Amino acid sequence: MTAQPVSSHFAVRASFARWADRHFRSLLVLPALLLLVVLVAYPAIYLLGLSVQNITLANIAKPDRQLFVGLSNFANVFANPNFFSTIRTTAVFGVASIAVELGVGLMLGLLFTARFRGRRGLMILMLIPILMTPVVIGLFWKLLLNGEWGVVNYLLSVVGIAPQSWLADSSLAMPSVILVFAWGGISFVTLVVLGAVESQSVDLHEAARVDGAGYFAILRYVTLPLLKPVLLVIVLILAIDALKQFDIIYVLTGGGPGGLTRVYSLEIYDQAFSRSNFSIAAAEAIVLVGLTVVLVAGLVRALRASVGGGGR
Amino acid sequence: MIMKAGTRQLVLIYGLIGLVVGWLVLPALWMLLTSIKPPALVATNPPTFLFSPTSANFTAVLGAKEVVGSIRDTVVISIATTVLSVTIGSFAAYSIARFSTGGTPVFFFLILVQAIPSVVLGLPFFVMFRQLGLYDTIPGLVLAYTTVSLPFAIWLLVAFFDDIPRELEEAALVDGCSRWGALFRVVMPLARPGLAVAGILTFMSAWNQFFFALVLAGQNVRTLPQVASNYISTYTLDWGKVAAAGVLLLIPPVIVVLVMQRHIVRGLTFGAVKG
């Protein structure tokens, strides 16, 4: 950049180039940042605004009838027993589905570390649920779980179990929804566990084996402790995923029977789009953001720890 | 831990794996089977396993105007979202990968935006889009999808840029290239495979999107997941059509899995294994 500018035109260009080079890193982020501010931050502020007004379908087009109501929507949300049953439903759904995903996924991931024929082909099949459209997952499980002619009932009848209405029965709907949702998450756990175990140092396993440790001793004292930071990351990702869940449950049960599978997102959807209580829904959504922030903060810390601990 | 398996362990391994993989794979196969069943045999008890396949369900589904229109809309929206997200996202990702631009707050924000349930943004969008004339339009859905796709694309791309050695651009800088010249002439060409993988995964996530279309569109613009979900209530007695719509939705994911398995494992799981 030491060349003498020959004319003012070049001087302008050169100084622009210098300016652009100096602000290189900021200019690169600027478009994405602007777009996300417009698309995420602005609606978030709008949501806050909604939550402190009294907007329903009746007055949404009439600004003169919209009132500032302070935090009373939040007070109403927390005073509503249905809201707490939603929270409980979400918690049960989340904890149970994480348990299934983690249990089965961990077992499969460990099994896949063995060398056996057909391993590669099976791993390709494992990828399908990860990329599968959630709506379709709900759709074909609804087909399989049909109470009158579903294959699941047929297979159970072969071993002598009476047919059930899996998605309509009040004690079976939640377990069914949990298993269907977990169905979509197992592969993710399997692949992450497999990747993490295979990147563990072979020396440690070798040393344990030389010291006379059997398979399960190595698993318990070497593999799993080393896996801990990664497992924590997995649990947090699964928790975020469970808290977000809408599509599969919407298709399977729509939150029924009798609201028994109405998790948090479905509750907000019902509040806003079935009952048109936009302001109440906004207050619920803000509480949900709070819960998400807590989980994400945990995830960020866990990610840092897993990288710092050589989890690569 | 590489396990040296004996015969007994192998039997156990195959047994367990067979069980779980059966659980993971057979359901989707049953849908495929249902989609090519003659309509009269779909809802029978006991289920019909043997039948002469028919294309009747697919012909009916693909003959429906709403399905053809929704396929077109879904493809247009997904491509537009992907191009927007990957283009803008690649610059941001490069800056974050090289200079840790924004530090922890940006890192946190990128994860948070991906973690926030769709309904949280769908609700203000629903009200705002009506006022802005974006309700039930393709640009409206592209903007809504971008809230998910842009952070996702940046997240994927940061890892890819991390893998491109700095020495190459430093050499270009020493040779008199400007920062921008080095970016466009050295880094971006090297990042092309990463950009392609990020593009395909971003396309898939847009293709699978359901919620925004459910609340922000429905008359003029429809997406395939939305139409498929409507089918369940419309054709409660005609599950062959529902299954056919489901199979159509699965074609892109299955192609993607078969063509680029290795890249997907990396792209989708590095977040957990590698910060």
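So, here is what we can say about the structure in this document. Here the structure is a predicted model, which is why all the values come from computation and not from measurement. (Residues numbered from 1 in each chain as written. Chains lettered and ligands numbered in written order. Predicted model: local features only at pLDDT ≥ 70, side-chain atom pairs only at ≥ 80, totals over all residues.)

## Notes on the overall build of chain A
Operational definition: The way it works is that DSSP assigns letters per residue, a run of H or I at least four long becomes a helix, a run of E at least two long becomes a strand, and they are numbered from the N terminus. Throughout, radius of gyration means the C-alpha value; the globule benchmark is 2.2 Å times the number of residues raised to the power 0.38. Here exposure depends only on C-beta density: within 10 Å of a residue's C-beta, 20 or more other C-beta atoms make it buried, 12 or fewer make it exposed, and intermediate numbers make it partly exposed, the C-beta atoms being placed from the backbone. A residue pair is marked as a contact if its C-beta atoms, positioned from the backbone, fall within 7 Å.
Per the secondary structure count, chain A includes 13 helices and 0 strands. For chain A, the sequential pattern of α-helices and β-strands runs α-α-α-α-α-α-α-α-α-α-α-α-α. Relative to the compact-globule value of 20 Å for 312 residues, chain A shows a C-alpha radius of gyration of 26 Å, a clear excess of over 25%. Projected onto its principal axes, the C-alpha positions of chain A cover 85 × 65 × 35 Å. For chain A, the proportion of its 312 residues judged to be buried stands at 43%. The long-range fraction of contacts in chain A, counting pairs at least 24 apart against all pairs at least 6 apart in sequence, stands at 69%.

## Re the overall build of chain B
Summing up its helical and strand segments, chain B has 12 helices and 0 strands in all. When its helices and strands are written in sequence order, chain B yields α-α-α-α-α-α-α-α-α-α-α-α. Taking the principal axes of its C-alpha atoms as reference, chain B extends roughly 75 × 65 × 30 Å. Within chain B, buried positions represent 48% of all 275 residues.

## Notes on helix α5 (residues 118-132) of chain B
Structural remark: α-helix, 3.6 residues per turn; residues separated by three or four positions point the same way. All names here are of chain B. Put simply, the test is: One less than the residue count of a helix, multiplied by 1.5 Å, gives the span that helix is expected to have.
Under the 1.5 Å per step criterion, the end-to-end length of α5 is 20 Å for 15 residues, consistent within 8% with the ideal 21 Å. α5 sits mainly inside the fold: 11 of its 15 residues count as buried. Taken together, the buried positions of α5 are occupied by Ser118, Val119, Val120, Leu121, Gly122, Leu123, Pro124, Phe125, Phe126, Val127 and Phe129. Gly133 sits one or two positions beyond α5 and adopts a positive phi of about 75°.

## Quick notes on the interface of chain A and chain B
Keep this limit in mind: Here the term charged refers only to Asp, Glu, Lys and Arg, the term nonpolar to Ala, Val, Leu, Ile, Met, Phe, Trp, Tyr, Cys and Pro, and the term polar to all other amino acids, Gly among them.
Listed per partner, the contact involves 92 residues of chain A and 84 residues of chain B. Broken down by element, the residue count for the side of chain A that touches chain B peaks at 15 residues, all from helix α13 (residues 278-308) of chain A. Tallied by class, the residues present in the side of chain A that touches chain B amount to 74 nonpolar, 10 polar and 8 charged.

## Quick notes on the environment of B:Leu50
Topologically, B:Leu50 is positioned in the loop between α1 (7-35) and α2 (56-63). With 117 residues separating them in the primary sequence, B:Leu50 and B:Glu167 have C-alpha atoms 62 Å apart.

## Observations regarding unusual backbone geometry
All names here are of chain A. Cis geometry is adopted by the peptide bond preceding Pro257, which originates at Gly256 and carries an omega value of -5°. Topologically, Pro257 is positioned in the loop between α11 (247-252) and α12 (264-274). Within the chain, Ser276 stands out as a residue other than glycine whose phi angle is a positive 55°. Examined against the element boundaries, Ser276 turns out to sit in the loop between α12 and α13. For Ser276, a count of 14 C-beta atoms within 10 Å corresponds to the partly exposed category.

## Here's the deal with the nonpolar core
What counts, and what does not: In plain words, the nonpolar core is the set of buried Ala, Val, Leu, Ile, Met, Phe, Trp, Tyr and Cys residues that C-beta atoms within 7 Å link up. Domain segmentation is taken from an automatic or database assignment of domains.
In terms of nonpolar packing, the biggest core is built from 172 residues, with B:Leu123, B:Leu141, B:Ile154, B:Leu216 and B:Ala245 touching the most fellow members. Looking at which domains feed residues into this core, each of domain 1 (1-46) and domain 2 (79-308) of chain A gives three or more. Look past the residues within four positions of B:Ile154 in its chain and what remains in contact with it is A:Ala32, B:Gly89, B:Ala92, B:Ala93 and B:Leu110.

## A word on the packing of helix α6 (residues 134-144) of chain A against helix α8 (residues 173-198) of chain A
Between two packed helices, the angle of one axis relative to the other and the distance separating the axes together describe the packing. Residue and element names in this part refer to chain A. Counted only if it meets this: Orientation is described by axes fitted as lines to C-alpha atoms, over the contacting stretch for helices, and by angles from 0 to 180 degrees between their N-to-C directions. Here roughly perpendicular refers to angles of 65 to 115 degrees, roughly parallel to angles under 35, roughly antiparallel to angles over 145, and oblique to all remaining angles. Crossing handedness is defined as follows: a turn of the near helix away from the far one that is anticlockwise and smaller than a right angle gives a left-handed crossing, while the clockwise case is right-handed.
Put simply, α6 and α8 touch, their axes get as near as 10 Å, and they point 135° apart. As summarised for this structure, α6 and α8 are arranged oblique, according to the angle between their axes. Considering the relative orientation of α6 and α8, their crossing is right-handed. Residue-level inspection shows Pro134, Ile137, Gly138 and Trp141 of α6 in contact with α8, the latter providing Val180, Trp183 and Gly184. For the contact of α6 with α8, the per-class residue count stands at 5 nonpolar, 2 polar and no charged.

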